[in-house]
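An overview of the molecular structure
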Amino acid sequence: RKNDLLFRGMMEFPIIVLSRAAQIRAGIWKRNGPGMSDMVLNYSEPPFCRNLQDADIFLVQLALVCMATLTEGEDETGNVCLSSLNSAGTARLVNLLIHRFGVFDFLGFKMAPQSNLDRYIGEIRSGMYPAEIKPMDKNSENVSVYSSPAMPWTYTPARDSAHEMFLLGELLHLLITLITELPPPPCDDESQHAVEARRRLMREVIHRLVSGPKTHSEMTEVSHILSNRDTDALCELGKKINPDDASGAALEEALNEVGTRKCKSGAPDEWELKESAWSEYDPSFQHISTRAHQHASENRPKQKAGGTCLPYAPKPLPSHKLFSRLRRDLTADATLVACIYRVLHVHCHRPSVVLKSYPGRRMYEADASETVLARAVHFLTLGVYAWDEDVSNSAHWKSQGGCGVGSVFVNFDRRPTACDWVDKVLLRNPYEIMQQEEYRDDVGSEQNILWLLRQIAMETQTREQDMSGFLGGLDQSLVRGAMFICDFAAKVNPEAAIVAKHCKVNSAKGNADDLAKRKNAAKEKALAAMKAQMAKFAANLGGDDEDDQMSDAEGNKASSTRDDSRMLATPVRQRTDSTGLVEAMDLSPHGDFLLTPSFHPSTPFTPRTPQTPFSPGFDEANESTARLFVEIPRCIICGADDKIDCNNNAGSSTMFQQKEKRTLAFCGFAQASRVIQGGSGDPSDLRDEEKKTWRHVGVHTALCGHAIHKSCCETYMKTSQRDRLADRSEGGKRQFRCPLCQRLSNCLVPFVDVAADWLESPSSSSKVERPSITANDGMVIDGLSCDDCYKPSSLHDFLSSSKWWATKNDGYLWDGQCNLIPATDSQEKKVSSSASVDRHDTSSKKNFQGKKELIKAWNSVLRTPRRLQRRPRPSGFVLTPPGSTELKDSNNSDILRKLMDQIVDVGQRADLKRLGEEELTKDYGEFRHYLTERTIYNKRHRAAGKDILDWPLCLTSTSMSDSRRQELSKEKMVSKLLYSIQAFTYSCCAESSDCRRLLHSKSVDTTSIFSKFGVGKALIGNDLLLLPRAETSAEGGFQPFDGRLGKARYLGLALMAAASPVAKEIIQLCIPFPLCSDSSTSDSVFDFDADDESKTAKRAPIAYPLLCSNILTHTTGALIALTGNARAEEGNFSTDEVVDDCRKFISLGLVARIVQVLLTDLMSWNGEQIDIVLRSMHQDMIDDTKQAECSWRQSCLDLLRFIFGRESEEEFLETENSDANLIESQISKGIDAAKQTAVSFLLDVAVIVQILVPNIFSDAAMHPDSCGPSDLEKMERLMELICLESIDDMIQSNLVQQVIKSWYIKATEKSSSQLQPPPDINYDTWPVVRDQRSNSNDEIPPHCSPLLGYPSNSSPIDPCRITCLPKSYTDLYAQLSTLRPDNDQIALCLICGSVLDAGGKGECTKHASKCGGGSGMFFLVQECVGLIMHGTKAAYVPSIFVDSHGETPQYRGRPLNLDPQRWSLLQDMWCSHSVREKVISERSTTRQVIIQNYY
């Protein structure tokens, strides 16, 4: 009796702890705080579960076994009561668990003492239950009188049926664990123990991998679960496999056996479970969390249709012979059988009387739980395993378990078999199981367990079709598990075979249908939540904004007879709500949607541009053919284009107001960049000769290609500013996310409707016939109508007759700043510098002298559709609505001006942070003349004690007329336009450079790269990028805008439209032609119409002299002005004329670039000395080289002779030159460098001209093998592709020589009228397009890798810098520790190699603004983690140093080496300008963010 009480006490306390943990997991004790949940996690999950939960479970098992075997053999003494008491251990345990978990009433059980009180008292007296009655005083007859017994009672902490159902599942899970996780059998020797330990290790590994792929470090946690004996045995086994890593060798072997190693780019290697190992998965394994089991249920492979039905759970591992009886004891317990039946009955029964009063009705009214149902099937599967074992028929068969008090076999006098278990459990009458009248099968309404399992196995109907059960959408492994039990019953029991003969699972169709049902149910639930979110977002977006109300009204009026899916250029999902059909546009991968009204098909929809209502004789057929876009892009917010309501009731002013509000634009992002320059590090560390070259940042502009209305964007920005997480990501007030793709944006690029003839090919490179259209008036209106036999002219003919040389061929005079003044007949093109010219009286020549005129021209260009039906108009034509005389112009240029302001502001702020205000004021750079003038003149005013004034008022001390102010404001706008063209050039070069870098890498998929960048093919060693042929019929006209380079055409069209009104002025600024001698002296003098002292005010030039600037940018500006003028005056220029002019400007740019390189090292010498050397080199030139090389050298010498040559031949014989050898060496060096520079120039300009003129090149113009490896051969092939003359033919023209001479004079003259001297002629000019492969592998040690940047060719001044990155983390740590011995935290700049202090002083933030223009990439050495930042915000990225498993383990001692894949990802991020996006992405998803300016 004492031993019995001991073991009952051992059982009590662990069960209390296990039940309380289950209650906490059920969420019953939430008011006690999250600390209890944390304790439960530590209690039940690794690594503490081995010493906590597992120990409690073992204590329960031990107490149960001890109670069952306590008095084994005492039957011979006749102590029957004690033997019966001990054989009731399982019944006690089950009764205790049901009460402790609080599910007694929920299961519908009834208390036995209330039905038979006498039996209850007798069992108390026998010691089966605790003594709940006490004897009273003896009576007179000396007989003990007992008081009334205390009746048992039940209690549950659950307050609703959901908690009770969860506790029931926890109870079944504990019972399954008691059956499965039994102590293993003892081992005979160490080798056998090692085998058993390895088996247990394999089991842990499998259950770690079932929830998804895991890294090696995550898998090493299984060692915390195994016992110390198992760990020691596995170490001894590992010594035989890998002596260097004995502790991990056994794990490696287990992973290789059951898993597959998956190598992921930029992430640690992960192990994925093999399909063959899924058979060992236990759905109730206690060492993984519930969420992991849920993931495992989704990842579990589907069983093949028609195959053998696999069990729901695997067979348990062998157990100790003393504990094995527990499996039969628990699976044959009558109370547990009743519990299992109750679960199956609730989920699967089909009663004839639905309203039948079952006991514990709350369980029937509760929501069905597939988890609880799966636990029941799992329990029966364990019963199959327990009773299918062959037990010897010995005299002590009862010691094998299953026949104790409370068992279904309690009255058996023979050994039960598997057939008996099926009969007593699966086929037993429900009334015999439940012992309640409600379960009598009088009318055949109640079914046994086998029949209910058959319903699961035959599951075919959904829950909606079968309202009485849970069937429909069950996990297929559960269905097959039920089928496995039915098959077993049919095999061992003939009666069960009759019941189960109709149990057949549907084949592949049924499996697919079940999966579809589950997906549809989940989808409908998600869509319901999304619909509410969409309505809320649309309501917030609409708000009180009048623009949105107007858009909605127009959207309701507009309609279409076409398919609604083609109405939007963005992805659309149609949904129906109570108000009718709406279009839900997917805005982000996070599931945010917008609801927009659909276009009702009541009125035919006609695609119109904004000017269509005012176009007389509008014809839809002609209009759709003339324009490139079949349909104008639609706003991703409201789903409409920029058409206006043209009903008869709407006034003209209302139409223009609608048009102004609905101006269409594309989302873009402009950011400072130093990618092409290679970072260059801190400018203060550079040498003096490098500071001007690496001084300023570039501006990279990228578009996502999604259109949005101006008014919709403003309303969206107001809505997005309320986001509480906005301060974690976006850093500026004007920054926002594209509503569709969620890419960061800070500007809008105006949409320009272009004609279809923009895609026509020149006749010299394409034989495709251009379609002609006949207008209503009978005239041919082919947009580019001209003779197909157009013959290209030479460069000499171009210069002699082209109107772009306005001062020579078109009767204009240049004022030295920004205006071409038409020469009057009386002046005959000669004007004095002080003459008074009425610049507004220009007779037939139109000239924009002020800001108002330029804005008016921009409004016209952006608003006028430039239909082919209209007759040619002046470029300054402003469309006026009918019936309106004084209507204010619609401000269509507002988006364009804000775009230029944003680009200029981004570059200026980045330069200010990089250089500092004092250093920046010394040289603001090109296209910032207004800043230079403001700084210099205000400095003079400050010295004179005058007030500081803003530009342009600072230029004069007297009042300035409004006309002069407008003229100066126009200069500023043109300057910003040129700066925007510079940003466009930088963006195109950056994208093409990134594309070439990827193509040059090894084992790369060229198809994906071509698709990403919009490239058709790559030739000449993947350096020449040819864009695919643009087709007007492909994708509704949007095919030319595919890829990153294709999207740059949107920005190119906007700049072309902006440059068209001032095309001649821009060309004169970018490619300056010689001026008349009379006007050349006044180039830098400006007349303010004031006193004499201010008439000679000095000015700074808008653009630098050509040879002192970046010639590629100047060439691009000329090309944009040329093509923009052709687009603005469609029908006046043929494609051949435009293409031929482009080629001539490219030729001039090429010659200028060659001259610039040749002059770089010669500017320190006297011109006479150079001329002497040139004559000597010309006379002494030998012809032993190739003819092409000789011709190239001769052409370069001729270019220098045009500049330095002297007319007197006698002087050459008498002059001595002591430095001739050095000059000759520098000239030869320049000639060799000019070849490579010319190739680089042609490669970049070829990409840019393809963006501006899509089909300028033919697809078959060049073959991959048609070019040699030398730079000279590449240059010749590129010139042949672009159809350029040879250098020798170009320079034979006296006009070309005159132009070259004028360029040199402008670059070297020192005039007193200049406000600032021009910069020096330099080989490297901004932006430096340095070859990213300049750091050859020969210069880098084999154990190192090149950095992401390539700052300079000379050695840095700063000693705390490395030139290459060691591949070993240990070597890097040692090297950096030597450079920074006093710093505890060290950061390495991966761009330039600078070593910084990462101790929270903000050094990395400051360095990023100087090195990368605000973007930075660092490696934190001590923390072994990457750091990326943009501006003041930073985020962590995975380390680039990993171990052999692709991880960065902390404190594990594994050697770390540079991971090429992660390094490549960082390089892609840097070169693609994606640092900002990555920082925002990481900061928006992490729970903790880095403090601003910390690193």
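Residues numbered from 1 in each chain as written. Predicted model: local features only at pLDDT ≥ 70, side-chain atom pairs only at ≥ 80, totals over all residues. Heavy atoms only, no water.

Comments concerning the overall build of the protein chain
Counting its regular elements, the protein chain contains 52 helices and 26 strands. Taken over 1495 residues, the protein chain has a buried fraction of 55%. Relative to all contacts within the protein chain whose residues are 6 or more apart in sequence, the contacts with residues 24 or more apart total 72%. Surface exposure of the protein chain reaches about 66,300 Å², of which carbon and sulfur atoms provide 49%. (Helix = DSSP H or I, 4+ residues; strand = E, 2+ residues; numbered from the N terminus. Buried < 20%, exposed > 50% of the residue type's maximum accessible area, 1.4 Å probe, protein only. Contact = heavy atoms within 4.5 Å. Areas by Shrake-Rupley, 256 points an atom, 1.4 Å probe, with all protein chains shown as cover.)

Some details on the sheet that holds strand 1 (residues 214-215)
Pairing in this open sheet of 3 strands is antiparallel, and the strands run 1-3-2 from one edge to the other. Each edge of the open sheet is held by one strand with a lone partner, namely strand 1 and strand 2 (259-262). Bridge analysis of strand 1 against strand 3 (residues 270-273) gives 2 bridges, and the strand direction is antiparallel. Paired with Lys214 across the strands is Trp271, a residue of strand 3. (Pairing = 2+ DSSP bridges.)

Some words on the sheet that holds strand 11 (residues 747-750)
Strand order in the open sheet made by the 3 strands is 8-7-11, with antiparallel pairing throughout. Because the sheet does not close on itself, it has two edges, and the strands there are strand 8 (698-709) and strand 11. When strand polarity is set aside, the average angle formed by the axes of neighbouring strands in this sheet is 35 degrees. Relative to strand 8, strand 7 (residues 664-673) runs antiparallel, the two sharing 9 bridges. By the bridge assignment, Ala670 is partnered in strand 8 with Thr701. Sitting on the sheet, helix 28 (residues 710-720) touches strand 8 and strand 11, and the angle it makes with strand 8 is about 105 degrees. Packing against the sheet, helix 33 (residues 894-915) makes contact with strand 7, strand 8 and strand 11, and its axis sits at approximately 135 degrees to strand 11. (Axes fitted to C-alpha atoms, helices over the stretch in contact; angles between N-to-C directions.)

Thoughts on the nonpolar core
In this structure, Leu799, Phe984, Phe1145, Ile1154, Ile1227, Leu1242 and Met1417 are the most contacted members of the largest nonpolar core, which totals 248 residues. Setting aside chain neighbours within four positions, we find Leu1242 in contact with Ile1146, Leu1150, Met1275, Leu1278, Met1279, Ile1282 and Leu1284. In terms of nonpolar packing, the next biggest core, distinct from the first, is built from 105 residues, Ile176, Val343, Ala366 and Trp387 among them. (Core = buried A, V, L, I, M, F, W, Y, C linked by side-chain atoms within 4.5 Å.)

So, helix 5 (residues 89-101)
Here helix 5 contains 13 residues, and its C-alpha end-to-end distance of 18 Å stays within 8% of the 18 Å for a straight helix at 1.5 Å per residue. Looking one or two places after helix 5, you find Gly102, whose phi comes out positive at around 75 degrees. (Expected span 1.5 Å × (residues − 1).)

A look at the environment of Cys1108
For Cys1108, the location among the structural elements is in the loop between strand 17 (1097-1098) and helix 40 (1111-1128). Distance in space between the C-alpha atoms of Cys1108 and Thr1160 is 9.9 Å, their sequence separation being 52 residues. Beyond its immediate sequence surroundings of up to four residues, Cys1108 is in contact with Gln1156, Ala1307, Pro1318, Pro1319, Asp1320 and Ile1321.

Topic: the pattern of salt bridges
Under the definition given, this model contains 41 salt bridges. Measuring nitrogen to oxygen at the nearest pair gives 2.4 Å for the salt bridge that ties Glu12 to Arg100. Linking Glu12 in helix 1 (residues 2-25) with Arg100 in helix 5, this pair joins segments that are 88 residues apart in sequence. We classify Glu12 as buried; its relative accessible area is 18%. When the shortest N-O distance is used, the salt bridge between Glu170 and Arg25 registers 3.0 Å. (Salt bridge = Lys/Arg side-chain N within 4 Å of Asp/Glu carboxyl O.)

Description of the side chain of Asp1459
Looking at where Asp1459 falls in the secondary structure, it is placed in the loop between strand 26 (1457-1458) and helix 51 (1460-1471). Once residues within four sequence positions are removed from consideration, Asp1459 is found in contact with Ile1440 and Val1442.

Comments concerning the packing of helix 36 (residues 962-1000) against helix 51
Where helix 36 contacts helix 51, the two axes come as close as 10 Å, and the packing angle between them is 160 degrees. Between helix 36 and helix 51, the angle falls in the class roughly antiparallel. Note on element contacts: helix 51 touches helix 36 through Gln1467, Asp1468 and Cys1471, opposite Asp994, Arg997 and Leu998. Across the contact of helix 36 with helix 51, the residue classes tally to 2 nonpolar, 1 polar and 3 charged. (Parallel < 35°, antiparallel > 145°, perpendicular 65-115°, else oblique. Nonpolar A, V, L, I, M, F, W, Y, C, P; charged D, E, K, R; others polar.)

A look at the state of the cysteines
Here a disulfide denotes a covalent bond joining the sulfur atom of one cysteine to the sulfur atom of another. Scanning the entire structure with this criterion turns up 0 disulfides. No disulfide involves Cys713; its sulfur sits 5.9 Å from that of Cys667, the nearest cysteine. (Disulfide = S-S within 2.5 Å.)

Details of unusual backbone geometry
Across the junction of Pro46 and Pro47, the peptide omega takes the value 5 degrees, indicating a cis bond. With respect to the helices, strands and loops of the structure, Pro47 is situated in the loop between helix 2 (34-44) and helix 3 (53-68). Cis geometry marks the peptide bond from Trp951 to Pro952; its omega dihedral reads 10 degrees. Topologically, Pro952 is positioned in the loop between helix 35 (929-943) and helix 36. At Cys1424, a residue that is not glycine, the phi angle is positive and equals roughly 55 degrees. Here Cys1424 shows up in the loop between strand 22 (1415-1420) and strand 23 (1425-1430). Relative accessible area serves as the criterion here: at 7%, Cys1424 is assigned to the buried category.

Quick notes on the packing of helix 40 against helix 41 (residues 1135-1159)
Packing of helix 40 against helix 41 leaves a shortest axis separation of 9 Å and a crossing angle of 170 degrees. As the angle between them shows, helix 40 and helix 41 are arranged roughly antiparallel. Classified by chirality, the crossing of helix 41 by helix 40 is right-handed. On helix 41, the residues touching Ile1111, Thr1115, Ala1118, Leu1119, Leu1122, Thr1123 and Ala1126 of helix 40 are Val1138, Asp1141, Cys1142, Phe1145, Ile1146, Gly1149, Ala1152, Arg1153 and Gln1156. (Left-handed = near helix turned anticlockwise from the far one by under 90°.)

Examining the side chain of Glu760
Considering the arrangement of structural elements, one finds Glu760 in the loop between strand 11 and helix 30 (795-801). Only 3.5 Å separates the side chain of Glu760 from the side chain of Thr1135, close enough to count as a polar contact. (Polar contact = N/O pair within 3.5 Å; in protein donor to acceptor, adjacent residues only side chain to side chain.)

Examining the pairing of strand 22
Note on strand geometry: in a regular strand, side chains alternate between the two faces of the sheet. The buried count for strand 22 comes to 6 of 6 residues, which makes it a mostly enclosed element. Across the two faces of strand 22 the burial is the same, with Ser1415, Met1417 and Phe1419 and Gly1416, Phe1418 and Leu1420 all buried. Strand direction decides the pairing type here: strand 20 (residues 1386-1389) and strand 22, joined by 3 bridges, are antiparallel. Each bridged residue has a counterpart across the sheet, and for Leu1388 the counterpart in strand 22 is Phe1419. Here strand 22 pairs with strand 23 via 6 bridges, running antiparallel.

Some points on the confidence of the model for the protein chain
Taken over all residues, the pLDDT of the protein chain has a mean of 76, while the share at 70 or more is 73%. In this model, residues 828-844 is a region of pLDDT below 50 whose contacts with residues beyond four sequence positions or in other chains number 23 contacts. (pLDDT = per-residue confidence, 0-100.)

Here's the deal with the environment of Ala55
Within the secondary structure, Ala55 sits in helix 3. For Ala55 and Pro14, which are 41 residues apart along the polypeptide, the C-alpha to C-alpha distance reads 8.8 Å. With sequence-adjacent residues up to four places away left out, Ala55 is seen in contact with Cys49 and Arg50.

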